Amino acid sequence: MGKKLQALIFDVDGTLADTERDGHRVAFNRAFAEAGLNWSWTVELYGKLLTVAGGKERIRYYLQNYLPDFELPPDASGWIAGLHAAKTQHYQQLLSEGAIPLRPGVRRLLEEARDQGVRLAIATTTAPDNAETLLKAAIAPEAVSWFEVIAAGDIVPAKKPDPAIYHYALKALDLYPEECLAFEDSHQGVLAATRSNLKTIITFNDYTRQHDFNGAALVLDHLGEPDQPFTVIAGDAGDATHFHLELARNIIG
Ligand code: XBP
Ligand code: MG
């Protein structure tokens, strides 16, 4: 007999909301300008940089691959962390201005889970403050309390595609992976979740639509709404036209 569905675990960036192009990217550029750096992360370049998860890790990757002659100060890690902290401030400012809405079907699914006693958790690479500010700004001022576990950022030593953040979330929930479903939008995300033995639903976005989602239980363009059907790219959604808990339970098996 299959396990009972106990929890939904959500990635944040790209999954709950399209945060990257008009949120994180813009915030990085504002922090660079403020620091007197003439770096500009265009929409296209940012797509390439997104292969590296984590803002500090992404800055380091950019320097190594695009500006190899840039002279870092002796405390390179501290300097990058400072630049990243300024970026976080700008990002939160953008979020609190309401710049980034939830993706289709997200609010409906969260509310359905709450109504039916299915627990909610977050497993994200972004900083905890960013995740919480997005929840407050895009869902509701009290939405942080909807999530029993918010596993985020440097709470684990290695970022996605490493499974550490999902292991952390599962341990904090005290659940087996067979009792949970993960929601992701990217190749790194599906790797992290499936390496933790979680069945994974992908809702891709413009930056990730060409990614390899091998291992995902279902690949969708978005979660859908009763009046806004999803498109199934891979996997079996039965006769569902939007993602609901009955479909989640069928996938858990
Ligand atoms: C999200 C990320 C994050 C954000 C930026 O990945 O990689 O680094 O782009 O956030 P995922 P920070 O959706 O797989 O969690 O700058 O706070 O790292
Ligand atoms: Mg993501």
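The rules behind these values
Residues numbered from 1 in each chain as written. Chains lettered and ligands numbered in written order. Predicted model: local features only at pLDDT ≥ 70, side-chain atom pairs only at ≥ 80, totals over all residues. Heavy atoms only, no water. Phe/Tyr/Trp six-rings, centres within 6.5 Å; stacked < 30°, edge-to-face > 60°. Helix = DSSP H or I, 4+ residues; strand = E, 2+ residues; numbered from the N terminus. Buried < 20%, exposed > 50% of the residue type's maximum accessible area, 1.4 Å probe, protein only. Lys NZ or Arg CZ within 6 Å of the ring centre and 35° of its normal. Expected span 1.5 Å × (residues − 1). Contact = heavy atoms within 4.5 Å. Near = heavy atom within 4 Å. Polar contact = N/O pair within 3.5 Å; in protein donor to acceptor, adjacent residues only side chain to side chain. Areas by Shrake-Rupley, 256 points an atom, 1.4 Å probe, with all protein chains shown as cover. Domains from an automatic or database assignment. Donors = N, O, S within 2.8 Å, 3.2 Å for Na, K, Ca; no water. Core = buried A, V, L, I, M, F, W, Y, C linked by side-chain atoms within 4.5 Å.

The name given to the protein chain in an unreviewed UniProt entry is HAD family hydrolase, with Planktothricoides sp. SpSt-374 as the source organism.

**Q** Explain the packing of aromatic side chains to me, using residue names and the numbers behind them.
**A** Under the criterion given, the structure shown has 15 aromatic pairs. Relative to F243, the ring of F183 lies with its centre 5.4 Å away and its plane at 85 degrees, an arrangement referred to as edge-to-face. With F183 in strand β4 (residues 180–184) and F243 in the loop between β7 (232–235) and α9 (245–252), this pair connects stretches of sequence that are 60 residues apart. For the residue pair F183 and F243, the accessibility class agrees, reading buried in each case. Positioned over the ring face of F28 is K87, at 4.6 Å from the centre of the ring. K87 extends its terminal NZ or CZ atom over the ring of Y91, reaching a point 5.1 Å from the ring centre.

**Q** How would you summarise helix α4 (residues 76–96) if you had to cite specific residues and measurements?
**A** Look at α4: 30 Å from first C-alpha to last across 21 residues, which is about the 30 Å you get at 1.5 Å a residue. Of the positions making up α4, those classed as buried are A76, I80, L83, H84, A86, K87, T88, H90, Y91, Q92, L94 and L95. Structurally, α4 contributes buried residues whose contacts are with α1 (20–34), α3 (55–66) and α6 (128–139). Positive backbone phi, approximately 80 degrees, marks G98, located one or two places after α4.

**Q** Give me the lowdown on the site of ligand 1, citing residues and values where you can.
**A** Near ligand 1 lie 18 residues; those nearest to it are E20, G55, R58, H84 and K87. Within the backbone of G55, a nitrogen or oxygen atom sits 2.6 Å from an oxygen atom of ligand 1. When isolated, ligand 1 has an accessible area of 450 Å², and the protein chains bury 96% of it. At the level of elements, α1, α3 and α4 are the ones that each hand at least two residues to the shell around ligand 1. Here the shell around ligand 1 gets 3 residues from one element, more than from any other, and that element is α1. Here the shell around ligand 1 spans two domains, since at least three of its residues come from each of domain 1 (7–18 + 101–252) and domain 2 (20–96).

**Q** Requested: an account of the coordination of the magnesium ion (ligand 2), with residues and values cited.
**A** For the magnesium ion (ligand 2), the protein coordination sphere consists of D11 (OD), D13 (O) and D185 (OD), at 2.1 to 2.2 Å. Written as a sequence motif, the donor arrangement for the magnesium ion (ligand 2) is D-x1-D-x171-D. Placement of D13 in the loop between β1 (7–10) and α1 and of D185 in the loop between β4 and α8 (187–195) is noted, with a sequence separation of 172 residues between them. Exposure class is identical for D13 and D185. Each is buried.

**Q** Hey, could you go over helix α7 (residues 164–173) for me, with residue numbers and the actual values?
**A** Burial in α7 covers these residues: A164, I165, Y166, A169, L170 and L173. Elements in contact with the buried residues of α7: β1, β2 (119–124), β3 (149–152), β4 and α8. A positive backbone phi angle near 60 degrees is found at D174, which sits one or two residues after α7.

**Q** I'd like a description of the nonpolar core, backed by residues and values.
**A** Ranked by size, the top nonpolar core spans 46 residues in total, and within it L8, F10, I139, F147, L181, F183 and F243 carry the most contacts. No fewer than three residues from each of domain 1 (7–18 + 101–252) and domain 2 (20–96) sit in this core. L181 has contacts with L5, A7, L8, I9, K199, I201, F243, A248, I251 and I252, leaving out every residue within four places of it along the chain. A7, L170, L175 and C180 belong to the second largest nonpolar core, which has 19 residues in total.

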